[in-house]
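Summary of the model geometry
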Amino acid sequence: MSIPIDLLANAVVAGLLLGGFYAAVTVGISISFGMLDVVNIAHPAFIILGSYIAYIVNIHLGVDPILVALIALPVFYLLGAAVYQVYYVAFERRGQEALRGLAFFFGLLFITEVALILTFGVDYRYVEAPYIGPTWRLGFVDFPLRMLVPCVVSVLLVIVLQLLLTRTFIGRAIMAVAQDQLALQLMAANPVRIKRIAFAVSIATAGLAGAFLIIIGPVEPSVGREYIGRVFAICVLGGMGSLPGTVIAAMLLGIVESFTATFYGPSWAPAVAFGFLLLTLAVRPAGILGR
Amino acid sequence: MRSWSFFLLALAVGLSFFVLCMVVRNDYLFFAGYVVLQFIVLATAWNILGGYCGYVNFGSAAFFALGAYTAIALHKLGASPDRYLPAALADLARLVLPPPIPVLMLLGGIISGVVGLGMGYLTLRLRGVFFAIATLAMAVVLQTLMINWDFVGGSRGAYVIRPASVSILGFSLGYIEYLFLVMLMLAVAVLTVARLIERSRLGYGFATIRDDELAAEAAGVPTLRLKLVATTISGAFMGMAGAPLPYYLGYVEPGAAFGLQYAVNSIAMPMIGGTTTWAGPLIGAILLGSLQQIATVTISSAVNLLIVGVLLVAFVIIAPAGIVGLVQGWRRRWGAPA
C-alpha cells in the first residue's frame with residue numbers, strides 16, 4: 001500500500017499539534033500522580049470544569065477562552081488546595097489512600113459530571129475566538145490555528161512549570177517530596193504544605209487545559225472519561241513525574257492517534273491510549289524517561 | 001453456620017421473597033426487584049476483589065457489558081445461523097441457540113472471567129493503582145470495540161425480543177418473573193461464594209494482601225496467584241449479572257450496557273455498606289438500590305446518580321468502615337460493660 005506523502009505529513013503534523021495539547025492535559029497528572037503519588041483520577045473532571053468556565057464567560061462576555069483560563073488560575077489553585085486538604089485529612093493521614101482515596105476521587109469525577117449534566121444538559125458546547133476558524137498552509141501541510149494555539153501555549157506552560165520545578169525553592173521541594181519526605185522535613189520544609197502547593201498547581205493546569213479542550217472541539221460533560229485512559233497512559237509512558245518525558249509521550253500518543261484516525265477512522269482512537277498503557281505496563285513500567 | 005446451611009437459608013429467604021412478590025402480583029415489583037438483585041450481584045462481586053484484596057476495579061461496567069454482549073452475540077447467531085456459519089455448524093446452532101438464560105449466564109461469566117484474568121495478568125504485578133487505572137481505561141476501550149462491531153449492532157444497538165412466558169417444571173411463568181427468579185438464584189450463589197471465601201484459606205490470603213502485601217509476600221503467600229483468582233471470580237460474576245440484561249431491556253446499545261451507573265454503584269454499594277464482610281455489599285445494594293428505584297420514579301434518574309455520588313464521597317470520608325462498621329462500633333460501645 002502506498003501512502004500519499006501529503007496525507008502522511010498532515011497526519012504527523014496533526015499528531016504533533018494534538019500531542020502538544022495532550023501534554024497540557026497530562027502535566028497536572030504528572031505532578032499529582034507522578035510526583036506526589038496522589039492518584040487523582042478526577043483530573044479530567046477539573047479539565048471539563050475549566051472548559052465550562054471558559055464557555056460561560058466566553059458566551060456572555062466574549063472574552064478569549066485562554067485569557068479566561070489564565071484569570072481563573074487562582075480559583076483552580078484554591079480549589080486544588082482545598083481538595084488536597086480534604087484528601088490529606090481524610091485519607092493520607094490515616095493511611096487509607098489506596099482503596100478509599102481512589103473511591104473519593106472517583107466520586108468527585110462522577111459528581112462533577114452529573115452536576116454538569118444537570119446544569120447544562122448533554123448538548124455539545126463550544127466557544128468563539130478569532131483563531132478557531134482559519135488555517136495556515138505551509139506547502140501541502142495544514143496548520144489549523146485552533147490546534148496550533150493550544151499546542152504552543154501548552155508547550156509554554158510545560159516549559160514554565162519545568163523552570164519553576166528546577167529553579168525555585170518550592171519547586172525543588174516538590175521534587176524532593178517525591179523522593180524523601182523525611183529528608184525534606186529535616187530541611188525544615190513542611191511536606192504537607194509542599195504537597196498541597198504542588199497539588200493546587202496541578203489542578204490549576206487542569207483549568208488551563210480545559211480552555212484548550214473547548215477551543216479544539218465542542219465539549220459535553222462525559223468527554224472527560226475518555227481522557228482518563230489517555231492522561232495516565234501518557235504519564236506512565238513518559239516516566240512518572242518527568243515533565244520532558246510527558247511531552248515526548250504526549251507527542252507520541254498524538255501521532256499514533258492521528259494515524260489511527262486517518263487510516264482506520266476516528267471511532268477507533270480511544271482504544272489507542274489503552275493499548276499504549278497496557279504495552280507500557282507490560283514491557284517497561286518505568287516509562288521513557290523514568291528513573 | 002456451615003456454608004450449606006447458609007446457602008439453604010439464603011435460598012429460603014430469597015424464595016419466600018419471590019413468593020411474596022408473586023402473591024402481590026405487581027409487575028413493577030419484579031422490574032424494580034430485578035435491578036436491585038442485579039446490583040447485589042455486582043456489589044458482592046466487586047467486593048471479592050475490592051473489599052477482600054483491596055484492589056479497586058473501576059471497570060465493573062465493562063465486565064457487566066461483556067456478559068450482556070455475549071448474550072446478544074449468541075442471540076444474533078441463533079437468529080440467522082446460515083449467514084454466519086458453515087452449513088454443518090448452522091444446523092447445530094439452530095438446535096442450541098439461543099441457549100436458556102442460565103447457560104447464557106455461564107458463558108458470559110466465562111468470557112468476563114477470562115478477560116479479568118488477562119487484565120490482571122498484565123497489570124496486577126505492578127502497584128495496585130495501575131490495575132485501577134487499567135480497568136478504567138478498559139471500559140472505554142471495550143465500549144469503542146462494541147461501537148465498531150456491527151455484528152452486535154454497533155452504535156445503533158441491538159434488539160432482543162423476549163418470549164412472553166417460560167415454563168419450568170410444568171409451571172408457566174411470565175418472562176419478567178423468570179428473569180427475576182434467575183437473578184435471585186445468582187444473588188444467592190454469589191453471596192454464598194463470598195461468604196465461603198471469607199471464611200476459607202483463600203479469604204485469609206486475600207486479607208493479608210489487603211493489609212500488607214509486602215509482608216504477605218515475604219511470609220510465603222502466593223500474592224499474584226491469589227489476586228488473579230480474585231479478579232477472575234469477581235469478573236465472572238459481573239459477567240453473569242450482565243448476561244440477562246438484553247432480555248430484561250429488550251434493546252441494548254453500548255451507552256446503556258456500559259452505563260456509568262454500573263461502575264459507580266458497584267463501588268458505592270460495598271463502600272457504603274461496608275467492605276470487609278459479605279453483608280456489607282448486600283446491605284449497601286438493598287439500601288442504595290431501593291433508594292434509586294424510588295428516586296427514579298419520584299425525582300429523576302440524573303438526580304439519583306448524583307445522590308449515589310454524594311453518598312459515596314460522604315461515606316468514604318466520614319464512615320470509612322461503612323454501615324456494617326458503624327453498627328459494629330455501636331455494638332461495641334453499648335455491649336461493653338460500663
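Everything that follows concerns the structure shown earlier in this document.
Residues numbered from 1 in each chain as written. Chains lettered and ligands numbered in written order. Predicted model: local features only at pLDDT ≥ 70, side-chain atom pairs only at ≥ 80, totals over all residues.

**With respect to the overall build of chain B**
Across its full length, chain B carries 17 helices and 4 strands. Over its C-alpha trace chain B gives a radius of gyration of 20 Å, about what one expects of a compact globule, namely 20 Å for 338 residues. Viewed in the frame of its principal axes, chain B has a C-alpha envelope of about 75 × 50 × 40 Å. Expressed as a percentage of the 338 residues in chain B, the buried residues total 48%. Within chain B, contacts between residues separated by at least 24 positions form 77% of all contacts whose residues are at least 6 apart in sequence. (Helix = DSSP H or I, 4+ residues; strand = E, 2+ residues; numbered from the N terminus. Rg over C-alpha atoms; globule rule 2.2 N^0.38 Å. Buried ≥ 20, exposed ≤ 12 C-beta atoms within 10 Å, placed from the backbone. Contact = placed C-beta atoms within 7 Å.)

**Here we look at the overall build of chain A**
Of the regular secondary structure elements, chain A holds 11 helices and 2 strands. Overall, chain A shows an N-to-C arrangement of helices and strands of α-α-α-α-β-β-α-α-α-α-α-α-α. Whereas a compact globule of 291 residues would reach a radius of gyration of roughly 19 Å, chain A reaches 19 Å, a difference of no more than 12%. Structurally, chain A occupies a C-alpha span of about 60 × 45 × 35 Å along its principal axes.

**Section: the packing of helix H2 (residues 43-61) of chain A against helix H8 (residues 191-216) of chain A**
All names here are of chain A. Two elements in contact, H2 and H8, have axes whose closest approach is 7 Å; the angle formed by their N-to-C orientations is 55°. Classified by the interaxial angle, the pair formed by H2 and H8 is oblique. Regarding H2 and H8, the two cross each other, and that crossing is right-handed. Mapping the contact onto sequence places His43, Phe46, Ile47, Ile48, Leu49, Gly50, Ser51, Ala54 and Tyr55 in H2 and Ile203, Ala206, Gly207, Leu208, Ala209, Gly210, Ala211, Leu213 and Ile214 in H8. (Axes fitted to C-alpha atoms, helices over the stretch in contact; angles between N-to-C directions. Parallel < 35°, antiparallel > 145°, perpendicular 65-115°, else oblique. Left-handed = near helix turned anticlockwise from the far one by under 90°.)

**Digging into the interface of chain A and chain B**
With 35 residues of chain A at the interface, the matching set in chain B holds 36 residues. Broken down by secondary-structure element, the contributors of at least two residues to the side of chain A that touches chain B are helix H4 (97-120), helix H9 (223-238) and helix H11 (269-283) of chain A. For the side of chain A that touches chain B, the element with the highest residue contribution is H4(A), accounting for 15 residues. Class assignment for the residues of the side of chain A that touches chain B results in 28 nonpolar, 4 polar and 3 charged. (Nonpolar A, V, L, I, M, F, W, Y, C, P; charged D, E, K, R; others polar.)

**Some remarks on the nonpolar core**
Generally speaking, a soluble globular protein has its nonpolar side chains buried in company with each other. Membership of the largest hydrophobic core comes to 208 residues, with the highest contact counts inside it found for Leu277(A) and Ala137(B). A total of 16 residues in this core trace back to one element, the largest contributor, which is H8(A). Dropping the residues within four chain positions of it, Leu277(A) is found in contact with Gly229(A), Phe232(A), Ala233(A), Val236(A), Ala134(B) and Ala137(B). (Core = buried A, V, L, I, M, F, W, Y, C linked by C-beta atoms within 7 Å.)

**Notes on the environment of Val25(A)**
Residues and elements named next belong to chain A. Along the chain, valine 25 turns up in helix H1 (residues 5-35). Judged by the 26 C-beta atoms lying within 10 Å of it, valine 25 is buried. Distance from valine 25 to aspartate 64, taken between C-alpha atoms, is 19 Å for residues 39 residues apart in sequence. Not counting chain neighbours up to four residues away, the residues in contact with valine 25 comprise Ile47, Ala209, Tyr227 and Val231.

**Re unusual backbone geometry**
Residue and element names in this part refer to chain A. Located in the positive-phi region is aspartate 37, a residue other than glycine, with phi close to 65°. Inspection of the secondary structure assignment puts aspartate 37 in the loop between H1 and H2. A tally of 16 C-beta atoms within 10 Å means that aspartate 37 is categorised as partly exposed.

**Quick look at the packing of helix H5 (residues 145-167) of chain A against H8(A)**
Any two packed helices are characterised by how steeply their axes cross, that is the angle between the axes, and by the distance between the axes. All names here are of chain A. Between H5 and H8, the shortest axis-to-axis distance is 9 Å and the interhelical angle comes to 165°. Put simply, H5 runs roughly antiparallel to H8. When the axes of H5 and H8 are compared, the crossing they make is left-handed. From H5, Arg146, Met147, Val149, Pro150, Ser154 and Leu157 reach across to H8, where they touch Thr205, Leu208, Phe212, Ile215 and Ile216. Per-class residue counts for the contact of H5 with H8 are 8 nonpolar, 2 polar and 1 charged.

**Structural notes on helix H6 (residues 169-179) of chain A**
Residues and elements named next belong to chain A. Among the residues making up H6, those that are buried are Ala173, Ile174 and Val177. The buried residues of H6 occupy an angular sector of 105° when projected down its axis, which confines them to one face. Elements that come into contact with the buried residues of H6 comprise H1, H5, helix H7 (181-186) and H8. (Arc of directions from axis to C-beta.)

**Let's talk about the pairing of strand E2 (residues 141-144) of chain A**
All names here are of chain A. Strand direction decides the pairing type here: strand E1 (residues 135-138) and E2, joined by 4 bridges, are antiparallel. Across the sheet, the residue bridging to tryptophan 136 is phenylalanine 143, located in E2. Linking two consecutive strands that pair antiparallel, namely E1 and E2, is a turn of 2 residues; a positive phi of about 65° is found at glycine 139 within it. (Pairing = 2+ DSSP bridges.)

**A few points about the environment of Asp27(B)**
Here Asp27(B) is to be found in helix H2 (residues 27-53). With 149 residues separating them along the chain, Asp27(B) and Ile176(B) place their C-alpha atoms 7.9 Å apart.

**Structural notes on the environment of Ala249(A)**
Note on placement: Ala249(A) falls in helix H10 (residues 243-264). Sequence separation of Ala249(A) and Gly287(A) is 38 residues, and the distance between their C-alpha atoms is 8.9 Å.

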